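# Examination of the molecular architecture
One-letter residues, chain by chain:
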Amino acid sequence: MAHFEYSSVIPASREKVFDYASDMENVPEIMSSDYKIEPTSPVTKIKKGSEYELRITRMGVSVLWGVVIEEIEPGHFVRNRQSHGPFALWVHTQKFEDHGQETLVTDFIEYDVPFGLFGKLADDLFVRRDLQSIFAHRHEKIANHFEINNDAK
């Protein structure tokens with residue numbers, strides 16, 4: 001199993017950052033523009049046991065990605081697990097911690113790429129680099145949301 005972690009400080013209160021970042025309706029907005037994200041299931045308020053399915057398209061290739069919210073502590077963290085999709089395993093935990101008047105957001109990913117040795121090679125060659133790019137972009141978009149909207153506190 002591989003692990004990935006990305007952290008940044010967002011210029012807004014923990015509660016506001018949590019509400020924005022954990023709202024499934026905002027996922028298409030905070031993803032990199034080279035990904036097209038379309039919900040294929042109803043988007044409801046996030047809670048333990050909620051299930052979501054998204055069609056993710058990149059470079060003309062589409063996959064359905066289903067996730068289940070395993071745990072949630074509003075304002076503090078949310079953990080989802082892939083129910084079906086491109087990974088053999090995907091568990092994403094997003095933590096929100098006070099950092100003065102700002103918020104430290106940390107994404108922890110536990111994952112396995114399918115296809116055995118070929119999957120490990122793909123992880124070494126581009127999956128990990130892609131994750132770095134995706135989460136850097138997401139954190140930047142979340143920070144920009146609060147800077148543009150001047151909605152930090």
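So, a few notes on the structure that sits alongside this text. (Residues numbered from 1 in each chain as written. Predicted model: local features only at pLDDT ≥ 70, side-chain atom pairs only at ≥ 80, totals over all residues. Heavy atoms only, no water.)

Counting residues in each nonpolar core, the largest one holds 38 residues, and the members touching the most others are Val 17, Tyr 111 and Ile 142. Among the secondary structure elements, those contributing two or more residues to this core are β1 (2–10), α1 (14–21), α2 (27–30), β3 (51–58), β4 (61–73), β6 (89–99), β7 (102–112) and α3 (116–149). In terms of residue count, the dominant contributor to this core is α3 (8 residues). Not counting the four nearest positions on each side in its chain, Val 17 is found in contact with Ile 10, Ala 12, Phe 96, Thr 103, Val 105, Ile 142 and Phe 146. (Core = buried A, V, L, I, M, F, W, Y, C linked by side-chain atoms within 4.5 Å. Buried < 20%, exposed > 50% of the residue type's maximum accessible area, 1.4 Å probe, protein only. Helix = DSSP H or I, 4+ residues; strand = E, 2+ residues; numbered from the N terminus. Contact = heavy atoms within 4.5 Å.)

Moving on, we get to the sheet that holds β3. Ordered by their spatial adjacency, 7 strands build an open sheet running β1-β7-β6-β5-β4-β3-β2, and the pairing between neighbours is antiparallel. The open sheet has two edge strands, β1 and β2 (36–39), and neither has a second partner. Taking each pair of neighbouring strands and ignoring which way they run, the sheet shows an average axis angle of 25°. Looking at chain direction, β6 and β7 are connected through 11 bridges and run antiparallel. Within β7, the residue paired with Asp 98 across the bridge is Thr 103. On top of the sheet, α1 reaches β1, β4, β5 (77–84), β6 and β7; it is set at about 155° to β6, its chief contact. Sheet strands in contact with α3 are β1, β3, β6 and β7, and its direction is about 20° off that of β1. (Pairing = 2+ DSSP bridges. Axes fitted to C-alpha atoms, helices over the stretch in contact; angles between N-to-C directions.)

A few words now on the side chain of Asp 107. In this fold, Asp 107 is placed in strand β7. One buried charged residue, Asp 107, forms no salt bridge at all, with the nearest opposite charge on Arg 138 at 4.9 Å. Engagement of the side chain of Asp 107 in a polar contact is seen with the side chain of His 92, the distance being 2.5 Å. Of note is the side chain of Asp 107, whose polar atom sits 3.1 Å from the side chain of Gln 94. Beyond its immediate stretch of four places on either side in the chain, Asp 107 contacts Phe 4, Glu 5, Tyr 6, His 92, Thr 93, Gln 94, Phe 135 and His 139. (Lys, Arg positive; Asp, Glu negative; His and termini not counted. Salt bridge = Lys/Arg side-chain N within 4 Å of Asp/Glu carboxyl O. Polar contact = N/O pair within 3.5 Å; in protein donor to acceptor, adjacent residues only side chain to side chain.)

Now for the packing of aromatic side chains. Enumeration over the complete set of coordinates arrives at 8 aromatic pairs. When the centroid spacing of 5.8 Å and the interplanar angle of 40° are considered together, the rings of Phe 4 and Phe 135 count as tilted. Of this pair, Phe 4 sits in strand β1 while Phe 135 sits in helix α3; the two residues are 131 residues apart in sequence, bridging distant segments of the chain. Taking the relative accessible area as the measure of exposure, Phe 4 reaches 6% and is therefore buried. (Phe/Tyr/Trp six-rings, centres within 6.5 Å; stacked < 30°, edge-to-face > 60°.)

So, about the packing of α1 against α3. For any two helices packed against each other, the geometry is given by the interaxial angle and the distance between the axes. Orientation of α1 relative to α3, taken along the N-to-C sense of each, is 120°, at an axis distance of 11 Å. As the angle between them shows, α1 and α3 are arranged oblique. Relative to α3, α1 is oriented so that their crossing is right-handed. Residue-level inspection shows Lys 16, Val 17, Tyr 20 and Ala 21 of α1 in contact with α3, the latter providing Ile 142, His 145 and Phe 146. In terms of residue class, the contact of α1 with α3 is built from 5 nonpolar, 1 polar and 1 charged. (Parallel < 35°, antiparallel > 145°, perpendicular 65-115°, else oblique. Left-handed = near helix turned anticlockwise from the far one by under 90°. Nonpolar A, V, L, I, M, F, W, Y, C, P; charged D, E, K, R; others polar.)

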